[in-house]
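Given next are the chains, with one letter for each unit.
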Amino acid sequence: MPVGKPKIEVDVAHRYDSLMVLDHIRFDVYENEFLCLLGPSGCGKTTMANLIAGLLKPRAGSVKLDGEPVNPQKHNISYVFQARSCLPWRTVKDNVKIALEIKGISGPVAEEKIANVLQIVGLKGFENYFPNQISGGMKQRVAIARAFCVESDLLILDEPFGSLDAQTRYVMQTEVLRICEKMKRTVIFITNNIEESVFLADRLIVFSSAPAKIIKEIEVKLPKPRNVTHPEFLSIRTSISKLTDISQDVAGGYR
Amino acid sequence: MSAQVEKIRFESFTKCFGDLLVLDNIDATVYENEFLCIVGPTGCGKTTLANLVCGLLPPTKGKVTVDGSEVDPRKHNIAFVFQEVAILPWRTVKDNIRLGLELKRFPPKEIEARVNEMIDLLGLRGFENSFPNQISGGMKQRVDIARAFCAETDLLFMDEPFCQNDEKTRFYMLNLLIQLWEKKKRTIIFVTHNIEEAVYLAERIIVFTQKPTKIREEIMVNLSRPRDVSAPEFVKIRERVTELIKWW
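Everything numeric here is computed off the predicted structure, so don't read it as measured data.

Engineer: Provide a residue-level description of the interface of chain B and chain A, including the pertinent values.
Structural biologist: Between chain B and chain A, the contact holds 34 residues from the first and 31 residues from the second. Summing both partners gives a buried area of about 2500 Å² for chain B against chain A, and 51% of it is carried by carbon and sulfur. The tally of links between chain B and chain A comes to three salt bridges. Its salt-bridge partner being Glu167 of chain B, residue Arg237 of chain A comes within 2.9 Å of it at the nearest N-O pair. Joining chain B to chain A, the criterion identifies ten residue pairs in polar contact (both at pLDDT 80 or more). Those elements giving two or more residues to the side of chain B that touches chain A turn out to be α5 (137-150), α6 (167-184) and α8 (232-245) of chain B.

Engineer: I'd love a proper account of the packing of aromatic side chains, names of residues and values included.
Structural biologist: Enumeration according to the criterion identifies eleven aromatic pairs over all chains in this entry. Taken together, a centroid distance of 5.9 Å and an interplanar angle of 35° make the contact between Phe34 of chain A and Phe189 of chain A tilted. One end of the pair, Phe34 of chain A, is in strand β3 (residues 34-38); the other, Phe189 of chain A, is in strand β8 (residues 187-191), with 155 residues separating them in the sequence. Assessed through its relative accessible area of 4%, Phe34 of chain A is described here as buried. Taking 5.1 Å as the distance between ring centres and 85° as the angle between the ring planes, the aromatic pair formed by Phe171 of chain B and Tyr200 of chain B counts as edge-to-face. Of this pair, Phe171 of chain B sits in helix α6 while Tyr200 of chain B sits in helix α7 (residues 195-201), and the two are 29 residues apart along the sequence. No difference in accessibility class separates Phe171 of chain B from Tyr200 of chain B, as the two residues are buried. Ring pairs connect the aromatic residues Phe35, Phe162, Trp181 and Phe190 of chain B, which therefore count as one cluster. Directly above the ring of Trp181 of chain B sits Lys185 of chain B, whose terminal nitrogen or CZ lies 4.8 Å from the centroid.

Engineer: Pulling in residues and values, what's your account of the domain arrangement of chain A?
Structural biologist: The parts lose accessible area when they come together, and the size of an interface is often stated as this lost area. All names here are of chain A. Per the domain assignment, the segments of chain A are domain 1 (1-75 + 153-255) and domain 2 (86-152). Once you take the C-alpha centre of each, domain 1 and domain 2 turn out to be 25 Å apart. In this assembly, 16 residues from domain 1 lie in contact with 13 residues from domain 2. Contact with domain 2 buries area across many residues of domain 1, yet Ile179, Met183 and Arg185 alone supply 35% of it, more than any other trio. Here domain 1 and domain 2 share zero salt bridges between them. Contributions of two or more residues to the side of domain 1 that touches domain 2 are made by β7 (154-158) and α5 (166-182). The element contributing the most residues to the side of domain 1 that touches domain 2 is α5, with eight residues. In terms of residue class, the side of domain 1 that touches domain 2 is made up of ten nonpolar, one polar and five charged.

Engineer: Could you give me a rundown of the pairing of β8 of chain A, with the residues and numbers involved?
Structural biologist: Residue and element names in this part refer to chain A. Counting buried positions along β8 gives five out of five residues, so the element sits mostly inside the fold. Relative to β8, β3 runs parallel, the two sharing five bridges. Bridging across to β8, Cys36 finds its partner in Phe189. The pairing of β7 with β8 spans four bridges and is parallel. Counterpart to Asp158 in the pairing with β8 is Ile190. In this region the chain leaves β7, passes through α5 and returns to the parallel neighbour β8; the handedness of that crossover is right-handed.

Engineer: Describe helix α1 (residues 46-53) of chain B, naming the residues involved and giving the relevant values.
Structural biologist: Here α1 of chain B lies mainly inside the structure; six of its eight residues are buried. Residues of α1 of chain B that are buried: Lys46, Thr48, Leu49, Ala50, Leu52 and Val53 of chain B.

Engineer: Can you tell me about the nonpolar core, naming the residues and giving the values?
Structural biologist: Phe35, Ile97, Ile145, Leu177, Ile188, Phe190 and Ile205 of chain B are the most contacted members of the largest nonpolar core, which has 56 residues in total. Element by element, the count of residues in this core is highest for α6 of chain B, at nine residues. The residues touching Leu177 of chain B, leaving out its near neighbours within four places in the chain, are Phe35, Phe149, Met158, Phe162, Ile188, Phe190 and Leu201 of chain B. Counting residues in hydrophobic clusters, the runner-up holds 53 residues, among them Tyr170, Cys180, Phe199 and Val206 of chain A.

Engineer: So what's going on with the pattern of salt bridges? Which residues, and what values?
Structural biologist: Scanning all chains against the criterion turns up 41 salt bridges over all chains. With its nearest N and O atoms 2.7 Å apart, the salt bridge here joins Glu217 of chain A to Arg203 of chain A. Of this pair, Glu217 of chain A sits in strand β10 (residues 214-219) while Arg203 of chain A sits in strand β9 (residues 203-207), and the two are 14 residues apart along the sequence. Taking relative accessible area as the criterion, Arg203 of chain A reaches 2% and is therefore assigned buried. Asp154 of chain B is the partner of Lys7 of chain B in a salt bridge, and the nearest nitrogen-oxygen pair spans 3.1 Å. Remark: Asp154 of chain B occurs in the loop between α5 and β7 (155-159) and Lys7 of chain B occurs in strand β1 (residues 6-17); sequence separation between them is 147 residues.

Criteria and cut-off values
- Residues numbered from 1 in each chain as written.
- Chains lettered and ligands numbered in written order.
- Predicted model: local features only at pLDDT ≥ 70, side-chain atom pairs only at ≥ 80, totals over all residues.
- Heavy atoms only, no water.
- Contact = heavy atoms within 4.5 Å.
- Buried area = accessible area lost by both parts, 1.4 Å probe.
- Salt bridge = Lys/Arg side-chain N within 4 Å of Asp/Glu carboxyl O.
- Polar contact = N/O pair within 3.5 Å; in protein donor to acceptor, adjacent residues only side chain to side chain.
- Helix = DSSP H or I, 4+ residues; strand = E, 2+ residues; numbered from the N terminus.
- Phe/Tyr/Trp six-rings, centres within 6.5 Å; stacked < 30°, edge-to-face > 60°.
- Buried < 20%, exposed > 50% of the residue type's maximum accessible area, 1.4 Å probe, protein only.
- Lys NZ or Arg CZ within 6 Å of the ring centre and 35° of its normal.
- Domains from an automatic or database assignment.
- Nonpolar A, V, L, I, M, F, W, Y, C, P; charged D, E, K, R; others polar.
- Pairing = 2+ DSSP bridges.
- Right-handed = clockwise from strand over helix to strand, strands pointing away.
- Core = buried A, V, L, I, M, F, W, Y, C linked by side-chain atoms within 4.5 Å.

Take a look at the structure:
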């Protein structure tokens, strides 16, 4: 387990009217840690992301960042959503710039930050392209560049590669690890893909189907970059697969 | 491998969009009752192939034959399952499953018997009269598959049907598909980006190259079922296929 003081302390429960979504969830995130939250579709992972980002107020409990209640106005939290979030009328460069504009950063400092981050995500040369001129994987990289170009206390990635094909996913996963290596960040990465979580995480938390409960916390000690067909990798994956139930949604009606 | 009766043949199958050569002289045979997977790098033209096979697009050169005669949607039975579930919201589960049989003018008694069998095989008993908006996403997917399996088909073409499912659900659906195929015996072409999925399902894998797409290699998967994704022989085949298409 990581040592020291946690960066984020999550201790929440949440319901929408009578629908219980998160049954008492408690976990910590440490500075510069890559934490994966893994759970089946519909288990409440996005609700959790919204709670952690301070976009949604928990019905019970709290989320603390550096010991204080999380506050989007005060803390720098970057969020990459599953849905593409590029503005179609802005170029790649100007899409990344939004994050800096909002923080009031402009001029040569902003230009340098943008150039640097575009270089890191592999979009150098595409600065002046519009979103409809680049591929799905590249649009996702724009969103990631935007999230990484400001210093953030926390970066939340909510199923960022959910709509990409299996192969492009491998590219993007490797990219994200490479970027994190270069720009140290505290990351919460949300996914329903077991392989993806084992590939990325320093530590991962496995959730049950709704109402979400923590089933297990697993530290993945394999060195990065990891090999998805390495026996140890496969054995971790299999052990996680055994922990999780198939979602009610699918099993429903099957006898 | 199933009995080697030639069912489907691609002969010098070629497709261009303007100057862009997508499929370049594909020659391939699919055998009767075979489970064939096609994998290839992203953007290699797998979906174009699907559109050509069903006659939505004409090939630029070459042809596809079924039992020796050129493919004709009116004569041959080709069923499709796509990534997006395609069921009619105004029809019940049962009426969605029977749709293909109705169009083929099967006798009512036979329709009834076949639909009933599918409802049992896919665990939809008790939901026959539910409408699509009353059942879960996973159940809708099973209705889609039930319809595709309901009639004897010359070819069942599946284009990434499970890529939106979470991992556990995906394997559940894959197992269900294998059970159906073993029981009902169909000729299946299953297209996927997911190499592990291809090795899990296929008797034979055809690996495509980048555009302009050719056949890079054919790989036999002689592993007993159910297959174990962490078994060394499984991993060996998976790594071999990965090596062949790796562009990342």
